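Examination of the molecular architecture
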Amino acid sequence: MTLNPERDRAIAFIVEGIARELLEKFGVTGPPVPVRHMVGHLPPPWRQIQLVRVPILPWEAMHTGNDPHSDVILLRQGLTAAQERVAIAQQMFHLFLMRLNAREIWAGPLDFPGVWANHFGRHLLLPTKWLGGGGSGKARPAAVARLFDVPEALAVQRLRELGLDTVSSIY
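Everything numeric here is computed off the predicted structure, so don't read it as measured data. (Residues numbered from 1 in each chain as written. Predicted model: local features only at pLDDT ≥ 70, side-chain atom pairs only at ≥ 80, totals over all residues. Heavy atoms only, no water.)

**Things to note about helix H8 (residues 152-161)**
For H8, the set of buried residues is Leu154, Ala155, Val156, Arg158 and Leu159. Directly after H8, the chain includes Gly163, whose backbone phi takes a positive value near 75°. (Buried < 20%, exposed > 50% of the residue type's maximum accessible area, 1.4 Å probe, protein only. Helix = DSSP H or I, 4+ residues; strand = E, 2+ residues; numbered from the N terminus.)

**Regarding the pattern of salt bridges**
A full pass over the atoms with the stated rule returns 5 salt bridges. We note a salt bridge from Glu84 to Arg53, for which the minimum N-O separation is 2.7 Å. Highlighted residues: Glu84 in helix H3 (residues 81-100) and Arg53 in strand E1 (residues 49-54), separated in sequence by 31 residues. We classify Glu84 as buried; its relative accessible area is 4%. A relative accessible area of 48% means that Arg53 is categorised as partly exposed. Between Arg122 and Glu161 there is a salt bridge; the shortest N-O distance is 2.6 Å. Of this pair, Arg122 sits in helix H5 (residues 113-125) while Glu161 sits in helix H8, and the two are 39 residues apart along the sequence. (Salt bridge = Lys/Arg side-chain N within 4 Å of Asp/Glu carboxyl O.)

**Here's the deal with the sheet that holds strand E2 (residues 61-64)**
Overall, mixed pairing links the 3 strands, which are arranged E1-E3-E2 in an open sheet. Single-partner strands in this sheet number two, and they are E1 and E2. Recorded for the sheet is a direction-independent mean angle of 25° between the axes of neighbouring strands. Taken strand by strand, H3 contacts E1, E2 and strand E3 (71-76), and its axis lies near 150° from that of E3. (Pairing = 2+ DSSP bridges. Axes fitted to C-alpha atoms, helices over the stretch in contact; angles between N-to-C directions. Contact = heavy atoms within 4.5 Å.)

Below is the structure:
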């Protein structure tokens, strides 16, 4: 991705705002975020989203908007519950862009929509205010992963984004 720090900060702020607004709309005040419930009750521009598990898929998940009444997120069978939650959150963002025709609107920055879908997923599932982001303290990624029901690697990444030191759960 071509880095443009000023543009990327602005986009990150917008993407994080969408995640915060969803949490507020659903009244979610603590982990884990109920993404499976959320997909069936999203406000416009989203439509109803169906989750379908399929045996073969080149990625963990993908979306389709070909149905005239709803969108579909396909999930590869065999994912852990935590992996599914991340995949659902990321695909929610792709569908948001699709419903807004935002790929045309944000042509330059969204040359890499997966980067922003990943960013959205991290902020939806691991909100800053719940993690005490501020660059002080230490966090145990395994404990965070369990509490937020996300893969440990995602917890590590998010904690590092927030400037929190991570310590191993094993001494």
